[in-house]
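# Structure assessment
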Amino acid sequence: MAEQLIIFDTTLRDGEQSPGASMTREEKMRIARQLERMKVDVIEAGFAASSNGDFECVRDIANAIKDSTVCSLARAHEYDINRAAEALKGAASARIHTFIATSPLHMEKKLRMTPDEVFEQACKSVRQARNLVADVEFSTEDGFRSEVDFLCRIIEAVIKEGATTINVPDTVGYGIPELYGEFIRTLRERVPNSDKAIWSVHCHNDLGMAVANSLAGVKVGGARQVECTINGLGERAGNCSLEEVVMAVKTRRDYFDLDVRIDTTQIVPASKLVAQTTGFIVQPNKAVVGANAFAHASGIHQDGVLKARDTYEIMRAEDVGWSANKLVLGKLSGRSAFKQRLSDLGILPDADDELNIAFAKFKELADRKTEIFDEDLIALVNVNTTADAQPAHYKLVKLSQHSAIGEQPHAEVTIIQDGEEKRASAYGNGPVDACLKAIESVVGSGAEMVLYSVNAITGSTEAQGEVTVRLQHSGRIVNGVGADPDILVASAQAYLAALDKLHVAQPARIPAQGE
Ligand code: KIV
Ligand code: ZN
């Protein structure tokens, strides 16, 4: 029987560290449920000690998820480890993931600690964590740029203290597949008790090699856990992408000879959920989950695929969850058909009031759009329901716009700002510009727009437009997402959603180690 490769998903922790990718508690819960449905082995739900909000997210996910291990990150620090354990109390299977930097650069410049101090802190923290939970992961932050002798010493010691998983991250994406794979192998060969723990890889994508490095860590190094995120979301250029690693190991089982527990048919729904929630859209030519990943445009390819599918296809689109746009519901569909479809898609909200909002939105949409596809339902639940379920500072009430060739576009808006109705109008370079200028003239946020993108949720011009707006204010970056058949409405919603996020208090900067 083949060994198992453990899939550790960190979309909700490392993924969320992408500027603008912050998610609400409801959004994280929805993603956690999708990860469980996909049979991810370990879900890193957050960093419980970083804020009360993160603590509550980890706690709620730990209480809700039954079929995956739920994990919280914790610095190698007493307070963090206690908070992680507290948040994970209700988990069916809990893991504390504690870490400390081990590279000379990080120890000296960031932590201002000597290697001996780092060593002591690591041992103490793993000991403490093991007294609280049975499953403890220890990470050597910036591990790939650390000295092998020091890593061997610290890893041997933490395994003695009871660490059950050892993770050696390439924190800054500096690795090259051969070198990273060899690095992991050397460590496993030199640490005397290396067989007492599972070895894990965690690679960032700064040089575009996160997936290749992770796979080398598995094949050459013997790692049996990969840390990854949906769509490769993560700090800077992102993390190792879950869908690519999983499909590489599955498709090339002849080479890797490893099993993964993942239900691959849930990959595309997970990708869409994360993209729509964060507003980080997936490039069309992205492997596995990009819109073109299975599209054959050239005549020769089409001819080949029609004669024998495997001439140009190494995976089947349906195996990763692609289904043709299906007309699923329409104007006459009732509440139970709607509820059943959301349940089949795995996006049925827990709370009745959320379901009511979603159903009302569905009816509204069905009045304006005759064909409702699965993608529309996903957007409807992801984009519109939670925004309404939460107290919003801003709401769009009315929007009208006029543009004609030779005239400057003009828009009039009415919004409710903190309970008060306000109106404004503005001219702009284009219709969207006029609408957003009108809103800004009421709100006066002073935020700078750093990204505006429109994406058609399904294929035709009848599709809903999904708009992402990214705003920057006082060094902070937030994303807002809106979806509507009218892209001006979607743009206004996205802008207001982003402004709403700027209202949430900025999380405090967390010191690298210590109090
Ligand atoms: O990139 C990194 O080193 C991390 C650790 C906290 C595991 O995310
Ligand atoms: Zn990371």
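Residues numbered from 1 in each chain as written. Chains lettered and ligands numbered in written order. Predicted model: local features only at pLDDT ≥ 70, side-chain atom pairs only at ≥ 80, totals over all residues. Heavy atoms only, no water.

### Here's the deal with the overall build of the chain
Helix and strand content of the chain: 17 helices and 18 strands. Its C-alpha atoms give the chain a radius of gyration of 24 Å, within 12% of the compact-globule value 24 Å for 515 residues. Its C-alpha atoms give the chain principal-axis dimensions of roughly 75 × 60 × 45 Å. Considering the chain as a whole, with its 515 residues, one finds that 55% of them fall into the buried category. Pairs at least 24 apart in sequence give 67% of the contacts found in the chain among residues at least 6 apart. Summed over all atoms, the accessible surface of the chain reaches about 22200 Å², with 50% contributed by carbon and sulfur. Once the 56 positive and 73 negative side-chain charges of the chain are each reduced to a mean point, those two points are 2 Å apart. (Helix = DSSP H or I, 4+ residues; strand = E, 2+ residues; numbered from the N terminus. Rg over C-alpha atoms; globule rule 2.2 N^0.38 Å. Buried < 20%, exposed > 50% of the residue type's maximum accessible area, 1.4 Å probe, protein only. Contact = heavy atoms within 4.5 Å. Areas by Shrake-Rupley, 256 points an atom, 1.4 Å probe, with all protein chains shown as cover. Lys, Arg positive; Asp, Glu negative; His and termini not counted. Charge placed at Lys NZ, Arg CZ, Asp CG, Glu CD.)

### Some words on the site of ligand 1
Ligand 1 sits among Arg 13, Asp 14, His 97, Phe 99, Ser 139, Glu 141, Asn 167, Pro 169, Thr 171, His 202 and His 204. A distance of 2.6 Å separates an oxygen atom of ligand 1 from a polar side-chain atom of Thr 171. Separating an oxygen atom of ligand 1 from a side-chain N or O atom of His 204 is a distance of 3.0 Å. The fraction of the free accessible surface of ligand 1 (260 Å²) that becomes covered by protein chains is 94%. Counting only elements with at least two residues in the shell around ligand 1, the list comes to strand E5 (94-101), strand E6 (135-141) and strand E7 (165-170). Taken together, the residues of the shell around ligand 1 sort by class into 2 nonpolar, 6 polar and 3 charged. (Near = heavy atom within 4 Å. Polar contact = N/O pair within 3.5 Å; in protein donor to acceptor, adjacent residues only side chain to side chain. Nonpolar A, V, L, I, M, F, W, Y, C, P; charged D, E, K, R; others polar.)

### Notes on the coordination of the zinc ion (ligand 2)
Bound to the zinc ion (ligand 2) on the protein side are Asp 14 (OD), His 202 (NE2) and His 204 (NE2), at distances that span 2.0 to 2.2 Å. Of note, the donors binding the zinc ion (ligand 2) are all from one chain and are spaced D-x187-H-x1-H. Here His 202 lies in strand E8 (residues 198-203) and Asp 14 lies in the loop between strand E2 (6-9) and helix H1 (25-37), a separation of 188 residues in the sequence. In terms of burial, Asp 14 and His 202 fall into one category: buried. (Donors = N, O, S within 2.8 Å, 3.2 Å for Na, K, Ca; no water.)

### Focus: the UniProt feature "domain: Pyruvate carboxyltransferase" (unreviewed entry) in the chain
Following the UniProt record, one finds the feature "domain: Pyruvate carboxyltransferase" (unreviewed entry) at residues 5-268. Here residues 5-268 is 44% helix and 19% strand, with 21 Å between the C-alpha atoms at its ends. (UniProt positions renumbered as here; feature names shortened; annotations may be inferred.)

### Remarks on the sheet that holds E6
Read around the closed barrel, 8 strands run E2-E3-E4-E5-E6-E7-E8-E9, paired in parallel fashion. For this sheet, the mean angle separating the axes of adjacent strands, direction not counted, is 25°. Note: E7 against E8, 6 bridges, orientation parallel. Residue pairing across strands places Pro 169 opposite His 202, the latter belonging to E8. (Pairing = 2+ DSSP bridges. Axes fitted to C-alpha atoms, helices over the stretch in contact; angles between N-to-C directions.)

### Some points on the UniProt feature "binding site: Mn(2+)" (unreviewed entry) in the chain
Here the UniProt feature "binding site: Mn(2+)" (unreviewed entry) sits at Asp 14, His 202, His 204 and Asn 239. Their sequence span is 226 residues, while the largest C-alpha to C-alpha distance among them is just 10.3 Å; these annotated residues converge on one region. Residue classification places Asp 14 among the buried residues on the basis of a relative accessible area of 2%. Excluding its chain neighbours within four sequence positions, the residues that come into contact with Asp 14 are His 202, His 204, Gly 234, Glu 235 and Asn 239. Looking at the secondary structure, you find His 204 in the loop between E8 and helix H8 (210-219). Of the residues examined, His 204 reaches a relative accessible area of 5% and is grouped as buried.

### Looking at the pairing of E5
Residues in a regular strand project their side chains so that they alternate between the two faces of the sheet. In terms of residue burial, E5 counts as a mostly covered element, since 8 of its 8 residues are buried. Residues of E5 alternate between two faces, with Ala 94, Ile 96, Thr 98 and Ile 100 on one and Arg 95, His 97, Phe 99 and Ala 101 on the opposite face, all of them buried. Here 6 bridges tie strand E4 (residues 69-75) to E5, and the two strands are oriented parallel to one another. Pairing of Val 70 across the sheet is with Ala 94, part of E5. Following the chain from E4 across helix H3 (residues 78-87) to the adjacent parallel E5, one finds a crossover that is right-handed. As paired strands, E5 and E6 are joined by 7 bridges and run parallel to one another. Each residue of the ladder has a partner; that of Ile 100, found in E6, is Thr 140. (Right-handed = clockwise from strand over helix to strand, strands pointing away.)

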